[in-house]
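Here's the letter readout for the chains.
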Amino acid sequence: MKAVQATAHANIALAKYWGKANATNNLPAVPSLSLTLEGLRTTTRVFFDSSARCDEVYLDAAPVEGRPLERVVALLDQVRALAQMQTRAVVESRNEFPTAAGLASSASGFAALALAATHAAGLHLPRSTISSIARRASASAARSLWGGYVALPALGDCAEPIAATEHLPLYMLVVLTTRRQKKISSTEGMALTASTSPYYRAWTESAPLVFEEIRCAILDRDVERLGAAAEHSALAMHASMLAARPALRYFSPATLSVIDRVYELRSSGLASFVTMDAGPNVKVLTTPEHANQVEQALRELPEAVEVIRCSGGPDAYIAGDA
Ligand code: PMV
């Protein structure tokens, strides 16, 4: 069996996924829609090795253990079941992010792993099936199989592309406020929100409407409407978390300072809209026309440890036999 290497890019949700309809199958309770990002890349090499006694996984050359290893093994088990084989694998993954920490890499990581592992096992599967395999490991990873704007329906088995990057070329400025990793995983955070937040139901009921607004705004190339709805999706998601017991608060004073600055830039006429995930970093959506000015203003903030400018990224791809 030959080794195969695949590359996938991170994605940032404009319509957020938060909450599982079925925890065992990892099916999302709400529809989500993301933009795949150029520049935030994971490359993963998989080799099914008949002499290996257990799966060996390395991330940036360091051995992976504990829960992260279990998640990789679970994905490899899906591939082995489909290929009807028992062979263990050696997995080597590299995050080619401009900075090592502070950014969620599970989406690009599991998408690259699903693509490399299925090819290394000799399976020729439709991309939607590979997206479904990635989705069981991390729902947001299902979206990273495609470039551009990608949706994952509520209860959806796999993601589906909505529009190419070129349809509506936008930039995402990723503003790192810290390089520390998040303390509570999204899986734990979703379970806590669903079981204790009185606003969780309101979130799941309103999210489909916001998703639809975002989908239509992308198709209509309506940046103002897209930005306003994406900001609302992120803040409504965080509001549902804040009402959990104990409260789940991923953002920090630095997050709020960046948000305030974005509001000022918008008042001054620059297209800029915020979104945040399960961490304190802020992602700012802007247009090619305003990207330079918005980026410059964000770089001047003392709270910005680093600003990474990303355009829309491509489909995940096989990077060659390795
Ligand atoms: O796929 P997960 O379990 O990493 O969850 C992702 C959750 C958010 O990043 C907060 C939102 C999203 O849709 O990506």
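Quantities reported herein were computed from a predicted structural model and do not represent experimental measurements.

(A) Focus on unusual backbone geometry. Here Arg245 and Pro246 are connected by a cis peptide whose omega angle stands at -5°. By the element assignment, Pro246 lies in the loop between helix H6 (223-242) and helix H7 (253-267). Although it is not a glycine, Arg221 adopts a positive phi angle of roughly 55°. Inspection of the secondary structure puts Arg221 in the loop between helix H5 (200-219) and H6.

(B) Broad picture of the environment of Trp146. Inspection of the secondary structure puts Trp146 in the loop between helix H3 (127-137) and strand E8 (149-152). On the basis of relative accessible area, Trp146 is assigned to the buried category, the value being 11%. Through-space distance from the C-alpha of Trp146 to that of Ala217 is 20 Å; in sequence the pair is 71 residues apart.

(C) Broad picture of the environment of Tyr171. Along the polypeptide, Tyr171 turns up in strand E10 (residues 171-176). Distance in space between the C-alpha atoms of Tyr171 and Asn22 is 34 Å, their sequence separation being 149 residues.

(D) Structural detail: the sheet that holds E10. The four strands are arranged E11-E12-E10-E13 in an open sheet whose pairing can be described as antiparallel. Only two strands of the sheet have a single partner each, and these edge strands are strand E11 (272-275) and strand E13 (306-311). With strand direction ignored, the average angle separating the axes of adjacent strands in the sheet is 25°. As judged from the six bridges shared by E10 and E13, these two strands associate in the antiparallel manner. If you follow Leu173 over to E13, its bridge partner there is Arg309.

(E) Just the pattern of salt bridges, in detail. By the definition in use, this model includes 19 salt bridges. In this structure, Arg88 and Asp55 form a salt bridge, with 3.8 Å as the shortest nitrogen-oxygen distance. With a gap of 33 residues between them, Arg88 in the loop between helix H1 (66-83) and strand E7 (89-96) and Asp55 in the loop between strand E4 (32-48) and strand E5 (56-59) connect regions that are remote in the sequence. Between Glu231 and Arg266 there is a salt bridge; the shortest N-O distance is 2.8 Å. Here the residue Glu231 occupies a position in helix H6, and Arg266 occupies one in helix H7, the gap between them amounting to 35 residues.

(F) View of the site of the ligand. Taken together, 14 residues lie near the ligand, and Tyr17, Ser138, Ser140, Arg143 and Ser186 sit nearest. Measuring from an oxygen atom of the ligand, one finds a side-chain N or O atom of Ser138 at 3.1 Å. In this structure, Ser140 approaches the ligand through a side-chain N or O atom, which is 2.7 Å from an oxygen atom. In isolation the ligand offers 380 Å² of accessible surface; the protein chains occlude 91% of this area.

(G) Spotlight on H1. Compared with an ideal rise of 1.5 Å per residue, which puts 18 residues at 26 Å, H1 spans 26 Å between its outermost C-alpha atoms and is within 8% of the ideal. All buried positions along H1 are accounted for by Val72, Leu75, Leu76, Val79 and Arg80. Along the axis of H1, the buried residues cluster in a sector spanning 145°; they form a single face. Away from the buried face of H1 by more than 90 degrees, exposed residues Arg67 and Ala81 are located. Turning to H1, the residues buried within the fold contact E4, E5, E7, helix H2 (106-120) and H3. Among the residues trailing H1, Gln84 stands out with phi positive, at a value near 50°.

Quick notes on the rules
- Residues numbered from 1 in each chain as written.
- Predicted model: local features only at pLDDT ≥ 70, side-chain atom pairs only at ≥ 80, totals over all residues.
- Heavy atoms only, no water.
- Helix = DSSP H or I, 4+ residues; strand = E, 2+ residues; numbered from the N terminus.
- Buried < 20%, exposed > 50% of the residue type's maximum accessible area, 1.4 Å probe, protein only.
- Pairing = 2+ DSSP bridges.
- Axes fitted to C-alpha atoms, helices over the stretch in contact; angles between N-to-C directions.
- Salt bridge = Lys/Arg side-chain N within 4 Å of Asp/Glu carboxyl O.
- Near = heavy atom within 4 Å.
- Polar contact = N/O pair within 3.5 Å; in protein donor to acceptor, adjacent residues only side chain to side chain.
- Areas by Shrake-Rupley, 256 points an atom, 1.4 Å probe, with all protein chains shown as cover.
- Expected span 1.5 Å × (residues − 1).
- Arc of directions from axis to C-beta.
- Contact = heavy atoms within 4.5 Å.

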